[in-house]
Amino acid sequence: MRVPVPDEILPADALGRVHLVGIGGAGLSGIARILLARGVEVSGSDGADSPTLAALRAAGATVHLGHDGAHLDHLGPDDTVVVSTAVRETNPEVVEATRRGLRLLPRSAALAAVMAGRRVVAVAGTHGKTTTTSLLTVALRAAGADPTYAVGGDLADTGTNAAEGTGTEFVAEADESDGAFLVYSPHAAVVTNVEADHLDSWGTEEAYRAAFEDFLDRIDPEGFCVLVVDDPGAAHLADVAEARGLRTVRVGESDGPDPRLDVRASGLRFAGRTSTFTVHDGDVALGEVELQIPGRHYVLDALAALACGLRLGHDPDALRAGLASFTGTRRRMEHLGSRGGVAVYDSYAHHPAEIAGDLQAARAVAGSGRVLVVFQPHLVSRTRLLGVEMGRALGLADDVVVLDVYLAREDADPAVTGALVAGAVPLAADAVVHEPDRDAAVARLVDRARPGDLVLTLGAGDVTALAPVLLAALPEGPEEAADPEGTGRGPA
């Protein structure tokens with residue numbers, strides 16, 4: 001639901017006790033972790049238990065399973081209820097908070113409250129926000145900055161999506177889907193790309209792109225913005241930023257000097273799970289970075305993070321070392337294990353450009369092996385608008401299974417199913433199937449996978465749950481059969 005943003009954003013220490021409805025989600029769980037670290041009394045509720053809820057309980061939060069207005073009984077008039085965008089207005093806790101006149105905040109305002117008093121760096125863009133925010137966080141930590149951070153996924157380096165740091169900087173993923181990024185007032189910002197998405201919220205592509213222009217006006221005039229201008233949408237935004245007098249840092253790929261670029265990557269090389277490139281800041285070569293994540297889109301994410309760290313004044317060598325140490329973010333081309341010579345990966349990609357980027361990376365990792373995908377479209381509204389493009393992007397795989405649409409906050413539409421996506425995949429008929437039954441989808445992949453192949457579970461919904469099922473169902477290789485205690489995990 002859309003809870004209005006208040007005219008005045010109070011700092012976190014003025015919120016009283018805080019109850020978060022939907023506390024287990026990526027956004028609210030991060031806010032809860034930071035509040036707990038600052039000594040705020042935190043409670044919350046969610047529909048199902050999870051490792052995230054267990055971690056929050058261990059950190060001191062009171063967490064309820066299920067939603068009930070009675071969960072707010074301990075709150076007084078000076079306390080706060082934070083509501084996830086996935087929660088509907090009929091939720092009994094929202095109804096009770098409204099009846100009692102309690103302070104209600106959307107996720108965006110709650111995050112702005114914990115940002116208060118810090119030098120904020122906001123990472124925005126249609127794709128790559130989570131990875132870029134994670135890369136920047138790890139790079140700054142390596143440079144000794146120890147920022148507070150809030151990311152939309154768990155960092156492999158820390159095992160969590162948010163933490164309170166001792167430094168002055170606050171690195172945050174700035175979500176445009178519901179306009180949250182228009183609530184923040186960052187000192188600096190990164191924009192990875194701008195492509196039409198979330199039109200269920202914005203209505204038109206023009207309105208979506210205009211929101212990014214409005215985001216520029218939220219940046220401190222004494223600050224700066226880093227834009228990946230290899231993307232046409234971000235390149236246009238860079239022109240707008242410069243016209244408004246905002247300090248603008250343009251980054252991108254070029255093997256030679258390029259007057260349009262302030263920081264560039266050259267000599268891109270990909271081998272297995274690694275991506276290597278050389279960084280140039282103007283005319284100065286800063287050296288090589290070898291990332292432990294595959295794909296050109298991740299190189300550009302890392303380049304943007306590095307450029308931001310440089311303009312914040314941090315040591316180039318320390319930043320490069322931080323990027324080289326980065327081992328990934330959960331659900332972003334995450335290697336979950338191998339069995340019988342088949343590597344299983346999981347990724348959150350759900351927009352056509354993200355799908356294409358991850359499949360290109362998967363192809364590099366697989367080498368001479370095939371790439372098999374089980375894809376779950378996310379949201380009826382997105383599938384209606386982009387389903388055909390999703391299918392075309394999936395044509396980069398060798399074999400594709402499409403599940404039905406993950407509904408999230410929307411109601412089903414019988415005219416918009418996985419069949420819309422499957423019908424647009426440009427592969428032979430026997431290489432594509434729309435399979436709503438999840439057990440049948442796993443069985444098909446197990447039947448078709450061969451040693452040397454890579455299987456990718458893909459989508460922003462609960463398709464990730466199929467990965468461990470798939471790993472368990474794949475036949476063992478000779479070495480695994482001889483070592484039943486082996487985990488099967490390790491490099492592809």
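Residues numbered from 1 in each chain as written. Predicted model: local features only at pLDDT ≥ 70, side-chain atom pairs only at ≥ 80, totals over all residues. Heavy atoms only, no water.

Participant: Just to check I follow, could you spell out the side chain of Thr 383 for this structure?
Facilitator: One can find Thr 383 in helix α12 (residues 380-394). Overall, Thr 383 belongs to the buried group, its relative accessible area being 0%. A polar side-chain atom of Thr 383 sits 2.8 Å from the main-chain carbonyl oxygen of Leu 379. Not counting the four nearest positions on each side in its chain, Thr 383 is found in contact with Pro 377, His 378, Met 390, Val 405, Val 416, Thr 417, Leu 420 and Val 421. (Helix = DSSP H or I, 4+ residues; strand = E, 2+ residues; numbered from the N terminus. Buried < 20%, exposed > 50% of the residue type's maximum accessible area, 1.4 Å probe, protein only. Polar contact = N/O pair within 3.5 Å; in protein donor to acceptor, adjacent residues only side chain to side chain. Contact = heavy atoms within 4.5 Å.)

Participant: Even after reading the chapter, I still don't get the packing of helix α11 (residues 352-366) against α12, so can you show me in this structure?
Facilitator: Each pair of packed helices can be summarised by the angle the axes make with each other and by the distance between the axes. At their nearest, the axes of α11 and α12 sit 8 Å apart, and the two run at 10° to each other. Between α11 and α12, the crossing angle belongs to the class labelled roughly parallel. Note on element contacts: α12 touches α11 through Leu 386, Glu 389, Met 390, Ala 393 and Leu 394, opposite Pro 352, Ile 355, Ala 356 and Leu 359. Within the contact of α11 with α12, the residues separate by chemical class into eight nonpolar, no polar and one charged. (Axes fitted to C-alpha atoms, helices over the stretch in contact; angles between N-to-C directions. Parallel < 35°, antiparallel > 145°, perpendicular 65-115°, else oblique. Nonpolar A, V, L, I, M, F, W, Y, C, P; charged D, E, K, R; others polar.)

Participant: Mind showing me how you'd approach the packing of aromatic side chains here?
Facilitator: How two aromatic rings sit relative to each other is given by the distance of their centres and the angle of their planes. Evaluation of the coordinates by the stated rule reveals three aromatic pairs. With centroids separated by 5.1 Å and ring planes inclined at 75°, the aromatic side chains of Phe 181 and Phe 212 adopt a geometry described as edge-to-face. With Phe 181 in the loop between β9 (169-173) and β10 (188-191) and Phe 212 in helix α7 (residues 205-216), this pair connects stretches of sequence that are 31 residues apart. Residue Phe 212 is classed as buried on the basis of its relative accessible area, which comes to 1%. Geometrically, the ring pair formed by Phe 181 and Phe 215 is stacked, given 4.9 Å between the ring centres and 15° between the ring planes. You can see Phe 181 sitting in the loop between β9 and β10 and its partner Phe 215 sitting in helix α7, a full 34 residues away along the chain. By relative accessible area, Phe 181 is classed as buried at 0%. One aromatic cluster is present, formed by Phe 181, Tyr 208, Phe 212 and Phe 215 through successive ring pairs. (Phe/Tyr/Trp six-rings, centres within 6.5 Å; stacked < 30°, edge-to-face > 60°.)

Participant: How should I be thinking about unusual backbone geometry in this particular structure?
Facilitator: Phi is mostly negative for residues that are not glycine, and the peptide bonds are mostly trans. One non-glycine residue, Asp 146, adopts positive backbone phi at about 50°. With respect to the helices, strands and loops of the structure, Asp 146 is situated in the loop between α5 (129-142) and β7 (148-150). Judged by relative accessible area, which is 25%, Asp 146 ranks as partly exposed.

Participant: Any chance you could explain the UniProt feature "domain: Mur ligase N-terminal catalytic" (unreviewed entry) in the protein chain here in plain terms?
Facilitator: UniProt marks residues 18-118 with the feature "domain: Mur ligase N-terminal catalytic" (unreviewed entry), using the numbering shown here. Spanning residues 18-118, this segment combines 39% helix with 21% strand, and its end C-alpha atoms are found 20 Å apart. (UniProt positions renumbered as here; feature names shortened; annotations may be inferred.)

Participant: When you look at the side chain of His 71 in this model, what are you seeing that I'm missing?
Facilitator: Within the secondary structure, His 71 is located in the loop between β3 (62-65) and β4 (80-83). What makes His 71 buried here is its relative accessible area of 13%. Not counting residues up to four positions away in its chain, the partners in contact with His 71 are His 19, Ser 45, His 64, Gly 66 and Glu 93.

Participant: I would appreciate a short explanation of the sheet that holds β10 in the present structure.
Facilitator: Sheets are built from strands paired through backbone hydrogen bonds, the pairs being either parallel or antiparallel. An order of β8-β7-β9-β6-β10-β11-β12-β13-β14-β15 is seen for the 10 strands of this open sheet, with the pairing classed as mixed. The strands lining the two open edges of the sheet, one partner per strand, are β8 (162-163) and β15 (284-291). With two bridges connecting them, β7 and β8 associate as antiparallel partners. The residue of β8 that forms the bridge with Tyr 149 is Ala 163. Each of β6 (119-124), β7, β9 and β10 touches α5; the most contacted strand, β9, lies at about 160° to it. (Pairing = 2+ DSSP bridges.)

Participant: Looking at this structure, I do not really get the environment of Pro 4. What am I missing?
Facilitator: Inspection of the secondary structure assignment puts Pro 4 in the segment before β1 (18-21). By relative accessible area, Pro 4 is classed as exposed at 62%. Residues Pro 4 and Ser 108, spaced 104 residues apart in sequence, show a C-alpha to C-alpha distance of 9.9 Å.

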